[in-house]
Amino acid sequence: MTNADIVVGWVINNEPTLQDRFATGHTVPEMDSQQDYKLLKGYENETHTILRFQRKYNTCDQKDHVITNDTMRVIFAYHHDDPQQGNLMQHQKEGSRSLFLVGINQILNVETTPNTQAFEMRVSNISLPIADASFCWRKLFKFTPTSVNDVVIGFQPIWNMELAGAIDHIWLYHCDVIGSTATWDERQGERGYQCFAPETPPEYSNCSRIIASAVTGSMGTKVPQKSGYSFGQKSGESVYLLLEIVYTNWKRQATNEIHDSSGLAMIYTSETVPYQASTMTVGHTLGMSQIIPLDQMAFATMGYCDGEYTKKALPTDGVYVYEIFIRSKIYGKKIVLRHLRNGTEMPPVAKDELYDPKAQVYRVFMDPVHVMPGDNFILECTYDTKQAQTTILGGTGQDNEACLAYLNYFPRTDLLECTSSPPLTKLFQWLGTKQAVDVEITTYQDLADNESNSKFVEYLKYYNWVSRATEFQNIMREEYTAYTVFRDQANATVSSSIMTNSIQRNLAKRNNRAEIDAQLIAF
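Within each chain, residues carry numbers counting from 1 in the order of the written sequence. Predicted model: local features are reported for residues with pLDDT of at least 70 only, side-chain atom pairs are reported and counted for 80 or more only, and whole-chain, interface and lining totals are derived from all residues. Note that water and hydrogens are dropped before the side-chain values are worked out from all heavy atoms of the structure.

Visitor: Please explain the overall build of the protein as it appears in this structure.
Guide: Think of it this way: any DSSP run of H or I at least four residues long counts as a helix, any run of E at least two long counts as a strand, and we number them from the N terminus. When helices and strands are tallied, the protein shows 7 helices and 33 strands. For every residue, the accessible area (1.4 Å probe, protein chains only) is compared with the maximum for its type, and the residue is labelled buried under 20%, exposed over 50%, or partly exposed between those bounds. For the protein, the proportion of its 523 residues judged to be buried stands at 49%.

Okay, here's the thing in structure tokens:
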């Protein structure tokens, strides 16, 4: 509560009161000499007190926090009785939540036509356990478009109102199907699985590209006008989607057994649109190539998307990014997606210096970000691992980390992923690791497929990072192996070891200006 920027209000005899205050500790908040909150409306009924107010993002008041597009930590508290003669009483209820006050598209305005349809994806009346404080469920769906022209124009959450506030988030993943679809067809008919349970089908690990999201209070998201999200399907080809719902604190809502059938509705149309949209993943390649030492307050991992690949994949006029999902799983506290063009750093595509892994959702741009062929991206994720018990590795598991950004953009190209990781040989060299006997291991996949993998992972987890973490952070930035995935060749990669010194030098070119914040403001 210390240093919190607080607004306090109540209604007595139909007269609303609003006060701008600030906290100096766990005491009654002090009145701010500069009252920056403007009361717009206030009233109450038998069940609720409603206060509507506004404030500038930046009030230039040292006792007010600047409202940015970062994740904002919001605390709330209330008492059932009104204050007497303006004297505040200690609250009876309190709580906190990470919110996005700027940059979230909360309203779905989709113009329906006879050619518009909804594909509903719900969990199957699952029963929530009584004991757990958090619970996660996943279910696979098969979507078969009516034609190759079908495009998605929006997503709308389907809420169970009895669980209002208990659903932490809903995510929808696009799955990369490799080989036969027979097993996938069997899986999509199943009831689903608890996240990360031992019996979880291996196919679920191929569903990692998040294409839609919703949090409590979301009304839906839409694709920009004159465009529609395309899966790039061929005639008669199906698309496989994985729905994930995470629940928290539902036992506060009811004491009886609770069931849920929440989900997402995907709104699609067969009408022709000028532009088809798609998702591109940038950042650090997901997997054990990402190594984060324990006991660090600010350890940074970088992932590069080299301009050679955007030059190859993007059209001459470039593409437009209209929303972004930045992804860390457990320990992330700051994420920046830097954008470089012709040796000069552009405004960051996204920047969140108060990142909260528990509050992840697509962030929408008021003005889409223009990306040209040859542009470079650098995704920098900073982690606080003071609470970690072992070294953290990247991956799809419950205890693994990630440093990724999912960019929804138009027009669609064949580039699905543009990521990077430090060369394994560089890691071996720094650790002083000798080559496995009679086995040539030059890539992380070679290591994963080798019986020595478990021993190496165990060695990394309990490695003594004292006085070496900063050196490791810097040495892993010196060169990288690029990894790209293009549509219709889901396993094909284009790899090369490239010195990143030129990219790092470009970071110094700021046009003699302060770093520019990304403008993450809702449509």
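So that's the structure; there's more coming.
Visitor: I would appreciate a short explanation of the packing of aromatic side chains in the present structure.
Guide: For any pair of aromatic rings, geometry is given as the distance between the ring centres together with the angle between the planes. Classification of ring pairs uses Phe, Tyr and Trp, with its six-membered ring standing for Trp, and accepts pairs whose centres are within 6.5 Å; under 30 degrees between planes counts as stacked, over 60 as edge-to-face, and the remaining range as tilted. For the coordinates displayed, the defined rule picks out 24 aromatic pairs. Ring geometry for Y304 against Y480: centres 4.8 Å apart, planes inclined by 20°, an arrangement best described as stacked. Of this pair, Y304 sits in strand β22 (residues 299–305) while Y480 sits in strand β32 (residues 479–486); the two residues are 176 residues apart in sequence, bridging distant segments of the chain. A relative accessible area of 1% places Y480 in the buried class. When the ring of Y322 is compared with that of F410, the centres are 6.2 Å apart and the planes differ by 35°; the resulting orientation is tilted. Note that Y322 is positioned in strand β23 (residues 319–327) and F410 in strand β30 (residues 404–410), a separation of 88 residues in sequence. Here Y322 matches F410 in class, with each residue buried.

Visitor: Sorry if this is basic, but what is going on with helix α3 (residues 424–431) here?
Guide: Residues that lie three or four places apart on an α-helix share one face, since the helix turns once every 3.6 residues. Counting buried positions over the 8 residues of α3 gives 6, a clear majority of the element. Among the residues of α3, L424, K426, L427, F428, W430 and L431 are the ones counted as buried. Of the residues trailing α3, G432 is marked for its positive phi of about 75°.

Visitor: Please clarify how the state of the cysteines should be interpreted in this entry.
Guide: Two cysteines, two sulfur atoms, one covalent bond between them: this is a disulfide. A pair of cysteine sulfur atoms is labelled a disulfide when the two atoms are within 2.5 Å. The tally for this structure, following the rule as stated, stands at 4 disulfides. Between C305 and C418 runs a disulfide, and the two sulfur atoms are separated by 2.2 Å. Linking C305 and C418, the disulfide has an S-S dihedral of approximately 95° and is accordingly described as right-handed. Note that C305 is positioned in strand β22 and C418 in strand β31 (residues 415–421), a separation of 113 residues in sequence. In terms of burial, C305 and C418 fall into one category: buried.

Visitor: In this structure, what is going on with the environment of L88? I would like to understand it.
Guide: With respect to the helices, strands and loops of the structure, L88 is situated in the loop between β6 (72–78) and β7 (93–99). Separated by 59 residues in the primary sequence, L88 and P29 have C-alpha atoms spaced 8.8 Å apart. Whether two residues touch is decided by their heavy atoms; if any such pair falls within 4.5 Å, the residues are in contact. Beyond its immediate stretch of four places on either side in the chain, L88 contacts V8, W10, R21, V28, P29 and P83.

Visitor: Would you mind showing me how to read the sheet that holds strand β2 (residues 15–22) here?
Guide: For two strands to pair, DSSP has to find at least two bridges joining them. One open sheet accounts for 3 strands, arranged β1-β2-β3; its pairing is antiparallel. Single-partner strands in this sheet number two, and they are β1 (5–12) and β3 (30–31). Examined bridge by bridge, β1 and β2 share 8 bridges and lie antiparallel to one another. Across the sheet, the residue bridging to G9 is L18, located in β2.

Visitor: Looking at this model, I keep getting lost on the pairing of strand β24 (residues 332–341). Mind explaining?
Guide: Within a regular beta strand, the side chains point alternately toward one face of the sheet and then the other, so they alternate between its two faces. Within β24, 8 of the 10 residues are buried, which leaves it mostly tucked inside the rest of the structure. As paired strands, β24 and strand β28 (residues 376–383) are joined by 8 bridges and run antiparallel to one another. Across the sheet, the residue bridging to K334 is T382, located in β28. Bridge count between β24 and strand β26 (residues 350–352): 3 bridges; the pairing is antiparallel. By the bridge assignment, V336 is partnered in β26 with K351. As paired elements, β24 and strand β25 (residues 344–345) share 2 bridges and run antiparallel to each other. Each bridged residue has a counterpart across the sheet, and for R341 the counterpart in β25 is T344.

Visitor: Sorry if this is basic, but what is going on with the pattern of salt bridges here?
Guide: Pairs can form between side chains of opposite charge once their charged atoms are near each other. Within this document, salt bridges are pairs made up of a side-chain nitrogen of Lys or Arg and a carboxyl oxygen of Asp or Glu, the two lying within 4 Å of each other. One pass over the full model with this rule turns up 18 salt bridges. We note a salt bridge from R187 to E203, for which the minimum N-O separation is 3.4 Å. Linking R187 in helix α1 (residues 182–188) with E203 in the loop between β13 (193–194) and β14 (207–215), this pair joins segments that are 16 residues apart in sequence. With a closest N to O distance of 3.2 Å, K386 and D295 form a salt bridge. With K386 in the loop between β28 and β29 (392–393) and D295 in the loop between β21 (291–292) and β22, the pair connects residues that are 91 residues apart, well separated along the chain. What emerges from the salt-bridge pattern is a single network uniting R338, E345, E380 and R477.

Visitor: For this particular structure, what's the right way to read the pairing of β30?
Guide: Counting buried positions along β30 yields 7 of 7 residues, so the element is predominantly enclosed. By the alternation rule, side chains of β30 split into L404, Y406, N408 and F410 and A405, L407 and Y409, which are all buried. One ladder, built from 6 bridges, connects strand β20 (residues 275–284) with β30; its direction is antiparallel. Following the sheet pairing, G283 is matched in β30 by L404. Two strands pair when backbone bridges link them, and β23 and β30 are joined in this way by 7 bridges, in the antiparallel orientation. Residue pairing for β30: I326 is matched across the bridge by A405.

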